Amino acid sequence: MATIRLRNDRWQVIVKRKGHPQQSKTFDLKKDAEKWGRQQERLMDAGEWVDRSEAHRTTLGELFDRYGKEVSSKKRGAESELIRLNVFKQSDLAKYSAAAVTAKMVAEWRDERLKEVSSGTVLRELQLIGHVFTIAIREWGINLQGNPVALIRKPSPGKSRDRVLTDDERSRLLDELSICRNPWVKPAVVFALETAARRGEILSLTWDCVDLKGRTATISGKTGTRTIPLSPACLDMMRSLPRSLDGTVFPLSREALKQAYERAVVRADIKDFTFHDLRHDALTRLAKLGFSVLELRAISGHTTANMLQRYVSIDARDLAHRLAKVG
């Protein structure tokens, strides 16, 4: 039977059962202590008792930290995911113990985030948080009653972006990039426009992965390693580049490239065009040149044609012109 004693005007209950670690908890009311003690004994006797102490003493923020070190750091897209986890750690949700986080709390966090960012962004964030809970339960042995993210309604992925540059916008953007104080910004953007590579893939590219004679570059990113063709314009740009001491083709930090690019877009008076849209623009132009779906996937690194389709804008007017030529 549980031992209950009065300590410092509060009731402490201690439960001892053979084969189980000693359990203790303190309550303001004796009846609550008795109820908790009986519940623990009943679960132990039935073989259903689970030690949730780690779940109660570990905050969600600490789970984010551990996930970043043990899981995110091993991913190819580690940098962006670690940034996202650091943002999560600043939220009020991260201050609660993992056991205290409920589906209702996650749903409230979701609704607040939807006021700040797109539904697609919130969906990706929820998927990441949900995976943190899944890893904690399945691999770290943290006994939670369930994954609260799995119980809530997810926002829609949102409409895929179809923003591409006009010829005039592209010209204005390149002109503004030419006056950037950092000489590596324009070459990095040109590489993105010509190859459809992701920002992380561009910044991690090293000269030993570039074959100027063979007109190819081998890039690595979140979907693995692939070899992509280099256009004549891209080759000309790369041949003119000096070699950096660390061996990277574009010796830029992620933040330096982001800020310089965004300022150039503003100066060029281009609306609603992110760095990631350069990938969309490049794939759309390659599709117009007649590259097949398989060829485009080899260049972009998309695992499925459906994913690729979100990045390629098909203009009905272009199709009409091609039909006219066939006729």
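The structure under discussion appears in the preceding block.
Residues numbered from 1 in each chain as written. Predicted model: local features only at pLDDT ≥ 70, side-chain atom pairs only at ≥ 80, totals over all residues. Heavy atoms only, no water.

J.: Please explain the overall build of the protein as it appears in this structure.
T.: Looking only at helices and strands, the protein features 15 helices and six strands. A total of 327 residues make up the protein; the buried ones form 42% of that total. Partitioning the contacts of the protein with sequence separation of at least 6, the portion at a separation of at least 24 is 61%. As presented, the protein carries roughly 19,200 Å² of accessible surface, and 51% of it is formed by carbon and sulfur atoms. (Helix = DSSP H or I, 4+ residues; strand = E, 2+ residues; numbered from the N terminus. Buried < 20%, exposed > 50% of the residue type's maximum accessible area, 1.4 Å probe, protein only. Contact = heavy atoms within 4.5 Å. Areas by Shrake-Rupley, 256 points an atom, 1.4 Å probe, with all protein chains shown as cover.)

J.: Quick question: what am I supposed to make of the sheet that holds strand β3 (residues 23–27) here?
T.: Sheet strands pair by backbone hydrogen bonding; their relative direction is either parallel or antiparallel. Ordered by their spatial adjacency, three strands build an open sheet running β1-β2-β3, and the pairing between neighbours is antiparallel. The sheet is open, and its two edges are formed by β1 (3–7) and β3, each paired on a single side. For this sheet, the mean angle separating the axes of adjacent strands, direction not counted, is 20°. Two strands pair when backbone bridges link them, and strand β2 (residues 10–15) and β3 are joined in this way by five bridges, in the antiparallel orientation. The partner of Q12 across the bridge, within β3, is T26. Helix-sheet contacts for helix α1 (residues 30–45) involve β1, β2 and β3, and the interaxial angle to β2 is about 10°. (Pairing = 2+ DSSP bridges. Axes fitted to C-alpha atoms, helices over the stretch in contact; angles between N-to-C directions.)

J.: Just checking my understanding: could you explain the packing of aromatic side chains for this structure?
T.: Working definition: an aromatic ring pair is given by the centre-to-centre distance plus the angle between the planes. Here the structure, examined in full by the defined rule, presents five aromatic pairs. Ring geometry for F88 versus W109: centroids 5.9 Å apart, planes at 85°, classification edge-to-face. On the criterion of sequence distance, the pair formed by F88 in helix α4 (residues 78–89) and W109 in helix α5 (residues 103–114) is long-range, its members being 21 residues apart. Its relative accessible area of 3% is what places F88 among the buried residues. Here the aromatic rings of Y261 and F275 are separated by 5.2 Å at their centres, their planes lie at 80°, and the arrangement is edge-to-face. Of this pair, Y261 sits in helix α11 (residues 254–267) while F275 sits in the loop between α11 and α12 (277–288), placing them 14 residues apart in sequence. The burial state of Y261 is the same as that of F275; both residues are buried. Aromatic ring contacts, followed pair by pair, group F64, F88 and W109 into a single cluster. Sitting above the plane of the W207 ring, R243 keeps its charged end 3.8 Å from the centroid. (Phe/Tyr/Trp six-rings, centres within 6.5 Å; stacked < 30°, edge-to-face > 60°. Lys NZ or Arg CZ within 6 Å of the ring centre and 35° of its normal.)

J.: Can you walk me through the packing of α12 against helix α13 (residues 293–300) in this structure?
T.: Angle between the axes and distance between the axes are the two parameters that describe a pair of packed helices. The contact between α12 and α13 brings their axes to 10 Å, and the two run at 150°. As judged from the angle between their axes, α12 and α13 are roughly antiparallel. Between α12 and α13 lies a crossing of right-handed hand. Here α12 contributes R279, L283, L286 and A287 to the contact with α13, which in turn contributes L296, I299 and S300. Among the residues forming the contact of α12 with α13, the class breakdown is five nonpolar, one polar and one charged. (Parallel < 35°, antiparallel > 145°, perpendicular 65-115°, else oblique. Left-handed = near helix turned anticlockwise from the far one by under 90°. Nonpolar A, V, L, I, M, F, W, Y, C, P; charged D, E, K, R; others polar.)

J.: Help me understand the nonpolar core in this model?
T.: General note: in soluble globular proteins, nonpolar side chains tend to be found buried as a group. Core analysis: the biggest nonpolar cluster contains 41 residues, and L173, F191, L205, V210, M238, F250 and L278 have the highest contact counts within it. Not counting residues up to four positions away in its chain, the partners in contact with L173 are L165, Y261, A264, V265, A268, I270 and L278. V71, W109, V132 and I135 belong to the second largest nonpolar core, which has 29 residues in total. (Core = buried A, V, L, I, M, F, W, Y, C linked by side-chain atoms within 4.5 Å.)

J.: Honestly, helix α3 (residues 60–70) in this entry has me stumped. Any pointers?
T.: In an α-helix, one turn spans 3.6 residues; hence positions three or four apart end up facing the same way. Inspection of α3 places L60, G61, L63, F64, Y67 and G68 among the buried residues, and these make up the whole buried set. Axial view of α3: buried residues confined to an arc of 155°, hence all on one face. Against α4 and α6 (119–138) lie the buried residues of α3. (Arc of directions from axis to C-beta.)

J.: What am I meant to see in the sheet that holds strand β4 (residues 210–211) here?
T.: The strand order across the open sheet built from three strands is β4-β5-β6, with neighbouring strands paired in antiparallel fashion. Of all the strands in the sheet, the pair left with one neighbour each is β4 and β6 (224–229). For strand β5 (residues 216–221) and β6, the ladder comprises six bridges, and the chain directions are antiparallel. By the bridge assignment, A217 is partnered in β6 with I228.

J.: Please explain the pattern of salt bridges as it appears in this structure.
T.: As a working rule, side chains carrying opposite charge can pair if their charged atoms are close by. Applying the stated rule across the entire model yields 21 salt bridges. Across the pair K115 and E112 runs a salt bridge whose closest N-O atoms are separated by 3.2 Å. Residue E112 is classed as partly exposed on the basis of its relative accessible area of 43%. Residue E116 pairs with R113 through a salt bridge whose shortest N-O separation is 2.8 Å. (Salt bridge = Lys/Arg side-chain N within 4 Å of Asp/Glu carboxyl O.)

J.: Just to check I follow, could you spell out α13 for this structure?
T.: Looking only at α13, the buried set comprises L296, I299 and S300. On an axial view of α13, the arc spanned by its buried residues comes to 90°, and they lie on one face. Within two residues after α13, G301 carries a phi angle of roughly 85°, on the positive side.

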